[in-house]
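# Secondary and tertiary structure notes
Chain by chain, the residues run as shown.
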Amino acid sequence: MNKSSEKPKRPDELGGGRDNYECSQCKDTEFLFYRDERGYEFARPCECRERKAWKRRFKQALIPDEFVHANFENFKRVTKYQQSMYDVTLEYMNEFKKENGEKVIARHNLGFIAFVGEQRLRELPAGKRAEMKQMHNNFGVGKTHLQIALAKRLIKDGFNVLVVSDVAFMDELIQAKMMNDEGETLNQLLYGAINADVLVWDDIGKAKWSEAKEALYYQIINERYRKQKPIVFNSNEDRGTLSEKIGYAAASRLLGQCGSYLLEVEGEDFRLKGA
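Residues numbered from 1 in each chain as written. Predicted model: local features only at pLDDT ≥ 70, side-chain atom pairs only at ≥ 80, totals over all residues. Heavy atoms only, no water.

## Regarding helix α9 (residues 239-246)
- For α9, the full list of buried residues reads T241, L242, S243, K245 and I246.
- Here the buried face of α9 lies against β5 (110-114), α3 (118-122), α8 (211-227) and α10 (248-256).
- Directly beyond the C-terminal end of α9, a positive phi value near 100° is found at G247. (Buried < 20%, exposed > 50% of the residue type's maximum accessible area, 1.4 Å probe, protein only. Helix = DSSP H or I, 4+ residues; strand = E, 2+ residues; numbered from the N terminus. Contact = heavy atoms within 4.5 Å.)

Below, the structure written as structure tokens:
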């Protein structure tokens, strides 16, 4: 609140063309200014504020380009397992609420994993591998599509979401760990992963195992477990092979926090069918 003599400068007073504003009402300040009868100036949120906040949250979520258009409406439910995945995700989404303006965040994780993991399949003889892969396929069943649809809905509802893809994320963490910047970059990456309202971890366990990566998996998963902040994840590994890839302590916390929201999924590869 300011007297007119103390009025802060507006964007148009600082220079810049009027035609460059996304919102002509507030000139991109996201606030509308008005005076009362005594000459005091007040500000109220512009109607564009929530829309721009949603755009910022969406941009910060790091949603992969190939899933920008993923939503619940275009998720194909032509098989029983796809319907089960869809139903569980919608049930899980109901754990997120707004009460008296405060965010209520789910205390459980949501996970889609394999009956027979990729690592287990790779260890089989070549002839047996193809047969088992056909019987227990976990690829292209819609796991990521559905979880990105969930992420987008939560972003729209005001929750801060971070989406990471396992191989790229773990490589980024390892590179940051090796940088000569006193851990600043690594700490920034870890802070985002640990403190986001929801962490969506795509294809967890895909990265090649190393002792350093196992320590990072544990650090992130354990911190989120302590803070009771959820991880929405999918993996082409099963309970046993996922534990081997990310470490038994991390897997115990990750899987244990799912409760009834852990689904073992297998079916047709819809990518190969062009679906």
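Here the narrative resumes.
## Considering the side chain of R224
- By secondary structure assignment, the location of R224 is in helix α8.
- One buried charged side chain, R224, makes no salt bridge at all; its nearest oppositely charged neighbour is D197, positioned 7.1 Å away.
- Among the polar contacts listed, one links the side chain of R224 to the backbone oxygen of A193, at a separation of 2.9 Å.
- Residues within four places of R224 in sequence aside, it is in contact with A193, I194, N195, A196, D197, V198, L199, K229, P230 and I231. (Lys, Arg positive; Asp, Glu negative; His and termini not counted. Salt bridge = Lys/Arg side-chain N within 4 Å of Asp/Glu carboxyl O. Polar contact = N/O pair within 3.5 Å; in protein donor to acceptor, adjacent residues only side chain to side chain.)

## Here's the deal with the packing of helix α6 (residues 166-178) against α8
- Remark: α6 packs on α8, axes separated minimally by 10 Å, with the N-to-C direction vectors making an angle of 105°. If you check the angle between α6 and α8, you find them roughly perpendicular. Listed contacts from α8 to D166, F169, M170, D171, L173 and I174 of α6 are A212, K213, L216, Y217 and I220.
- Classifying every residue of the contact of α6 with α8 by side-chain character gives 8 nonpolar, no polar and 3 charged. (Axes fitted to C-alpha atoms, helices over the stretch in contact; angles between N-to-C directions. Parallel < 35°, antiparallel > 145°, perpendicular 65-115°, else oblique. Nonpolar A, V, L, I, M, F, W, Y, C, P; charged D, E, K, R; others polar.)

## Side note on the environment of H108
- Along the chain, the position of H108 falls in the loop between β4 (102-104) and β5.
- Residues H108 and L254, spaced 146 residues apart in sequence, show a C-alpha to C-alpha distance of 9.5 Å.
- The residues touching H108, leaving out its near neighbours within four places in the chain, are Y92, E95, P230, Q257, C258, G259 and Y261.

## Things to note about the nonpolar core
- Ranked by internal contacts, the top residues of the largest apolar core, which has 33 residues, are M85, Y92, L110, F112, L150, L154 and V161.
- Looking at this core, the elements with two or more residues in it are α2 (80-93), β5, α5 (143-156), β6 (161-165), β7 (198-202) and β9 (262-265).
- The element contributing the most residues to this core is α5, with 7 residues.
- If you look at the next biggest cluster of nonpolar residues, it comprises 31 residues, including L186, I204, I231 and L255. (Core = buried A, V, L, I, M, F, W, Y, C linked by side-chain atoms within 4.5 Å.)

## Topic: the packing of aromatic side chains
- Here the structure, examined in full by the defined rule, presents 7 aromatic pairs.
- Ring geometry for Y92 against Y261: centres 5.1 Å apart, planes inclined by 70°, an arrangement best described as edge-to-face. Of the two residues, Y92 is situated in helix α2 and Y261 in the loop between α10 and β9; the sequence distance between them amounts to 169 residues.
- By relative accessible area, Y92 is classed as buried at 0%.
- When its relative accessible area of 6% is taken as the criterion, Y261 is described as buried.
- On the basis of an interplanar angle of 80° and a centroid distance of 5.4 Å, the ring pair of F96 and F159 is categorised as edge-to-face. You can see F96 sitting in the loop between α2 and β3 (97-99) and its partner F159 sitting in the loop between α5 and β6, a full 63 residues away along the chain. Each member of the pair, F96 together with F159, is buried.
- Cluster of aromatic residues (ring-pair linked, three or more members): Y92, F96, F159 and Y261. (Phe/Tyr/Trp six-rings, centres within 6.5 Å; stacked < 30°, edge-to-face > 60°.)

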